[in-house]
Amino acid sequence: TIVVGMDTSYPPNEFLGGDGKTAQGMDVDLFKAVAAKFGVKADFQTATFDTIILGVGSGKYDVGVSSFTINPDRKKSVNMVSYFDAGTLWATAKGNPKKVDPANACGLAIGVQKGTVQIDDLTARSKKCTDAGKPAITMVVDDLQVKITNALVSGKVVAMAADSPITNYAIKQSEGALEKLGEVYDSAPYGIVVPKAQTEFAAAIAEALKKLEADGNYGKILSNWGLQDGAVTTFAVNP
């Protein structure tokens with residue numbers, strides 16, 4: 001069994017099913033298929049997003065599979081195997097009644113999940129505001145993306161920023177209450193997180209992904225979740 005750390009609050013990539021305990025989503029199906037290539041099963045354990053990489057480093061989890069954008073800071077402490085491309089996409093209420101502009105969100109309440117690359121993005125945007133003598137962006141932060149989405153629907157925040165598959169899914173599930181704001185930007189690969197010392201394990205995961213692409217299952221899994229636009233053709237360790 002491969003023990004997987006996962007934040008199951010990030011639909012459609014990883015979330016809990018109707019029973020409230022079974023992990024499902026694109027990442028779940030994809031890593032189940034990777035594990036099957038090794039002849040083992042995956043045990044998905046729910047964790048808060050910002051604790052997973054630490055958990056992989058400490059040996060609590062064998063891997064982390066939770067929509068982790070590959071970046072230099074994360075690669076300092078773990079290996080990351082690329083398997084999907086996503087960017088950042090904002091959403092707001094239908095019709096954008098507050099006339100939110102992501103390029104000028106000074107003084108506005110924006111929802112964002114703790115530990116994500118969007119925190120860094122909004123921090124930089126907020127600094128531009130304060131450097132120009134304008135009010136800072138008020139970041140409304142939560143451990144769970146589903147709570148951020150609910151905050152937008154309820155009007156607690158005027159917009160949210162999240163990975164593009166998550167934002168698109170939230171818009172679809174809102175039944176017309178939400179709409180996208182602007183376009184996807186800062187696209188980058190997701191990576192499966194593997195302990196720093198386990199380079200052979202990371203390489204084996206990359207090979208398993210290549211085999212899944214070759215046999216057609218990689219494309220099928222992404223298409224099943226409507227995420228075929230994020231497909232990649234290169235699976236690499238620490239790209």
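Basis of the calculations
Residues numbered from 1 in each chain as written. Predicted model: local features only at pLDDT ≥ 70, side-chain atom pairs only at ≥ 80, totals over all residues. Heavy atoms only, no water. Core = buried A, V, L, I, M, F, W, Y, C linked by side-chain atoms within 4.5 Å. Buried < 20%, exposed > 50% of the residue type's maximum accessible area, 1.4 Å probe, protein only. Helix = DSSP H or I, 4+ residues; strand = E, 2+ residues; numbered from the N terminus. Contact = heavy atoms within 4.5 Å. Disulfide = S-S within 2.5 Å. Pairing = 2+ DSSP bridges.

## Quick notes on the nonpolar core
Phase 1 of the analysis: Counting residues in hydrophobic clusters, the biggest one holds 36 residues, and the most contacted among them are Phe-31, Val-63, Tyr-83, Ile-192, Ile-205 and Leu-209.
Phase 2 of the analysis: Every element with two or more residues in this core is listed here: β1 (2–6), α1 (26–37), β7 (78–93), β11 (178–195), α7 (199–214) and α8 (217–224).
Phase 3 of the analysis: It is α1 that contributes the most residues to this core, seven residues altogether.
Phase 4 of the analysis: Residues in contact with Ile-192, not counting those within four places in the same chain, are Phe-31, Val-63, Gly-64, Val-65, Asn-79, Met-80, Val-81, Tyr-83, Ile-205 and Leu-209.
Phase 5 of the analysis: Core analysis: the next-biggest nonpolar cluster, separate from the first, contains 15 residues, Cys-129, Ile-137, Val-158 and Leu-181 among them.

## Notes on unusual backbone geometry
Phase 1 of the analysis: With omega at 5°, the peptide bond leading from Pro-11 into Pro-12 counts as cis.
Phase 2 of the analysis: The backbone of Asn-96 shows a phi angle near 50°, a positive value even though the residue is not glycine.
Phase 3 of the analysis: Residue position: Asn-96 is located in the loop between β7 and β8 (109–113).

## Structural notes on the state of the cysteines
Phase 1 of the analysis: The final tally for this structure, using the stated rule, is one disulfide.
Phase 2 of the analysis: With a sulfur-sulfur separation of 2.1 Å, Cys-106 is cross-linked through a disulfide to Cys-129. Measuring the twist about the S-S bond at about -85°, one finds the Cys-106-Cys-129 disulfide to be left-handed. Of this pair, Cys-106 sits in the loop between β7 and β8 while Cys-129 sits in helix α4 (residues 117–131); the two residues are 23 residues apart in sequence, bridging distant segments of the chain. In terms of burial, Cys-106 and Cys-129 fall into one category: buried.

## Some thoughts on the environment of Pro-165
Phase 1 of the analysis: With respect to the helices and strands, Pro-165 occurs in helix α6 (residues 164–173).
Phase 2 of the analysis: Judged by its relative accessible area of 7%, Pro-165 is buried.
Phase 3 of the analysis: C-alpha separation for the pair Pro-165 and Val-184, spaced 19 residues apart in sequence, amounts to 9.9 Å.
Phase 4 of the analysis: The contacts of Pro-165, once residues within four sequence positions are left out, are Pro-12, Asn-13, Phe-84, Ala-86, Tyr-190 and Leu-227.

## Considerations on the sheet that holds strand β2 (residues 9–10)
Phase 1 of the analysis: Strand order in the open sheet formed by three strands is β2-β3-β4, and the pairing between neighbours is antiparallel. At either end of the open sheet lies a strand with only one pairing partner, and these are β2 and β4 (23–24).
Phase 2 of the analysis: In terms of strand pairing, β2 meets strand β3 (residues 14–16) through two bridges, oriented antiparallel. Residue pairing for β3: Tyr-10 is matched across the bridge by Glu-14.

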